[in-house]
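# Geometric and topological summary
Read off the chains here:
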Amino acid sequence: MTKLPTIGKAISRLEGREKVTGSAKYAAEYKVSDLLFGYVINSTVTKGKIKSMDTAPAKALPGVIEVFNHDNRPSTAWFDFQYADMDAPPGEVFKPLKNNQVLYNGQPIGLVVAETFELARYAAALVKVAYEEEDFTTDLEANTGKARDPKKGLATLLKPPPPKPQGDFEEAYNTAHAQAFGKFRHGTEHHNPMELFATTVEYLNKDKLRIYDKTQGTINSQMYVANVFGLKMKNVQVITPYMGGGFGSGLRPQYQLFMAVMASLELKRNVRVVLSRAQMFTFGYRPETLQETKFGADEKGNLTALYQKAIGETSRFEDYVEIVVNWGNMLYPAENVTLEYSIVPLDVYTPLDMRAPGGVTGMHPLEITMDMLAEKLHMDPLEFRLKNYTNIDKGSGKPYSSKELKKCYELGAKAFGWEKRNPTPRTTKRGNKLVGYGMATGMWDANRILGRAQAILNKNGKVQVNSAVTDIGTGTLTVMTQIAADELGLSLEDVTFSYGDSKKPFAPIQGGSWTVATVGPAVKAACHSLNKKLFKKAQKIKEELFGNADFEMAVFREGILTLKNNPQAEISYEEIIEANKGKAIKTTKSAMPNPLKTKYTKAAHSAAFVEVEVDEELGVIEVTRAVTAVAAGNIINRKTATSQILGGMIWGISKALHEETYKDNRFGKYMNQNLAEYHIPVHADINELDVIFVEEHDEEVNELGAKGVGEIGIVGMAPAIANAIYNATGKRINDLPIHFDKLM
Ligand code: MOS
């Protein structure tokens, strides 16, 4: 029996063995009979019309079944109405193969279906496409004059625009005792999870499909397929038990899903479509962003004036939005604040949420400018942040439901040895390398939305808990099993969490760090409700023992129900099931935020401390060690949570030093669509990383007191690294990633 409670412990992920031994099946690995393989043809021009597509040489190959394009694609009602997905921004969702228009480079324009993957790929190479090209622009910097407010829509509910200006920024800034300002640029980044995007469609009959899809939301994909192809929801099952990383890329159904389902329904066959690594660069991404800051402070070090402006890219058809500039006003209480956010439509595909979308982008300029201002004031950067500490979110005027950021600063600084920092740049050396210390604050929303879960006491006395939620690699399976086991008083081995299947109770897309806070309370509620049902049954079965007892007195332990005030009273789950004529006992519960409870701002916080070494002779920047202290409420599983923060920290290193998709604006095309040239850190780039969880109690966020940890780990890293590089070299590089050439 696992020792209870399991919440708070470091528990290894329950599916770890399946994953490392290769028995865990991913979307492209399901064995289905008589499978056909699709390979997508992508546009090689950026804008214009397809004049002709010569598919004859491809079709002539034995084993090639069909080549779909805008001319011969099956018609579905969707082409004439709007159905988007759970994460669609305002605008018109892109519809593959709708017509001969090319809207962006790499747009899917055809699908070859053949008996083998290799044949389909080869045949795709034989398809000759003639285009009528049109003028285009993909250059954000050249088009900032066209920046405009994004349209509002349903999906932007969780992404509010910046608050209205407060006070008089210009006046306060111009008369400030100390001023700091900067211009910042963030390059485009593409999600590159290990697992490629893939869909395997099992054709059951003309109305019914079973789909193995790489997605962060089984029900999101199910609703998409049902609506797009006019099928009944109950006849579309989407299954995703394992996912080789999502990071936001699976928040929207990607085009391989459309292609695979289209081909399957038309050919009445099982079909699989897998995208190549290069094709992973033909849909969503973290947008390129240009920013400006101007901060002012008085002589005592109080921030008085705060200005942050951001311009991001979007497509011509959807207004992608993220929260970039709102954070400063939530963290540091200046009286005079102006925050601006706008977007520029370009001839590109729509950006897509990527781990801490907007937070990563906006906190970087904010935390750099804070450092610059601290230096002007001759204050330590940490002391300056403490001077401007607040427990009130100035943006909304609401207090935080909990905020142990001060403790993060304190414990992080201590573990790191921040007091040893030399404030004068270029003064600390290790051999011939310059050494620098930097720190930054991180912040991310602690959201929750609606989730449902079902708990079933089976005939064998074990409990199965069901939810449609995915596990994108974060440890959801393990954490939900813990929540259920603790509530039920059962060992982890006696609880099965069954998930990643659209047939199970509703769960939203797994993103926004809200899964534990959304599905967790539903699991807890379902298990609680099951306990209540069992108690009621016990009252009937053993009336003499339980008849007059109160549920508050019930104790559930290892499959036995007893009473606190009468330990002699006992009934086993087997007895209850037997009295229930051998039938399982089921209950389903929803959990959602109370819409009336909006008194608080809810957020997770972090403090990142980083040491860098810069070798000016060899041109190498290395993060030699880093500490991140996190306040994210109740930590359900210290091991999986630590892994989340470590993953975030490593991605922060990547963002600061390695990662960018380079666009050649003459061709409107990304140039480094492969993992050789799209740089991400390897083991040799990663040194000592430490994670500290600060104790934080929060009764407002949800019934578990837990805030998500999927995203907070990345937020503070890039600015902490940039601040450390400044401390080492005396150079402020505000254009991410900081490749060495920018330091020369
Ligand atoms: Mo996250 S970017 O909401 O998967």
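Being a predicted model, the structure only gives us computed values, none of them experimental. (Residues numbered from 1 in each chain as written. Predicted model: local features only at pLDDT ≥ 70, side-chain atom pairs only at ≥ 80, totals over all residues.)

### Let's talk about the nonpolar core
Rules: Buried Ala, Val, Leu, Ile, Met, Phe, Trp, Tyr and Cys residues whose C-beta atoms connect them within 7 Å together make up a nonpolar core. Partly exposed residues are those whose C-beta has more than 12 but fewer than 20 other C-beta atoms within 10 Å; with 20 or more the residue is buried, with 12 or fewer it is exposed, and the C-beta atoms are placed from the backbone. The secondary structure listing takes helices from DSSP runs of H or I that are at least 4 residues long and strands from runs of E that are at least 2 residues long, numbered from the N terminus.
Core analysis: the largest hydrophobic core is formed by 213 residues, its most contacted members being Val112, Val465, Ala484, Val630 and Ile721. The leading source of residues in this core is helix H12 (residues 515–541), at twelve residues.

### A few points about the domain arrangement of the protein
Note the following rule: Note that the domain bounds reflect an automated or database-derived domain assignment. Once C-beta atoms have been placed from the backbone, residue pairs whose C-beta atoms lie within 7 Å are recorded as contacts. Three classes are used, and their members are as follows: Ala, Val, Leu, Ile, Met, Phe, Trp, Tyr, Cys and Pro are nonpolar, Asp, Glu, Lys and Arg are charged, and the others, Gly among them, are polar.
The domain architecture assigned to the protein consists of domain 1 (16–23 + 449–591), domain 2 (35–135 + 194–245 + 250–281) and domain 3 (143–189 + 285–447 + 599–743). The straight-line distance from the C-alpha centre of domain 2 to that of domain 3 is 36 Å. Listed by partner, the interface residues are 18 residues for domain 2 and 26 residues for domain 3. Considering only residue class, the side of domain 2 that touches domain 3 consists of ten nonpolar, three polar and five charged.

### Overview of the sheet that holds strand E25 (residues 585–591)
Defined as follows: Only strands that DSSP links by at least two bridges are regarded as paired with each other. Axis definition: a line fitted to C-alpha atoms, over the contacting stretch in the case of helices. Angles run 0 to 180 degrees between N-to-C directions.
Taken together, four strands build an open sheet; the order of strands is E21-E20-E19-E25 and the sheet is mixed. Of all the strands in the sheet, the pair left with one neighbour each is strand E21 (495–498) and E25. Adjacent strand axes in the sheet meet at a mean angle of 20 degrees when their direction is disregarded. Bridge count between strand E20 (residues 463–466) and E21: four bridges; the pairing is parallel. Looking across to E21, one finds that Val463 is bridged to Val495. Lying on the sheet, helix H11 (residues 476–488) is in contact with E20 and E21; it crosses E21 at an angle near 135 degrees.

### Details of the packing of H11 against H12
Selection rule: Here is the rule for angles: anything less than 35 degrees is roughly parallel, anything more than 145 is roughly antiparallel, 65 through 115 is roughly perpendicular, and the remaining ranges are oblique. Handedness of a crossing is defined here by the sense of rotation of the near helix relative to the far one, left-handed for an anticlockwise turn of less than a right angle and right-handed for a clockwise turn.
Interaxial distance between H11 and H12 falls to 9 Å at its minimum, and their mutual angle equals 30 degrees. Viewed along their axes, H11 and H12 adopt a mutual orientation that is roughly parallel. Regarding H11 and H12, the two cross each other, and that crossing is right-handed. Counting all contacts with H11, which are made through Thr476, Val479, Met480, Ile483, Ala484, Glu487 and Leu488, the residues of H12 involved are Thr515, Val516, Val519, Gly520, Val523, Lys524, Cys527, His528 and Asn531. Each residue belonging to the contact of H11 with H12 can be placed in one class, and the counts come to nine nonpolar, five polar and two charged.

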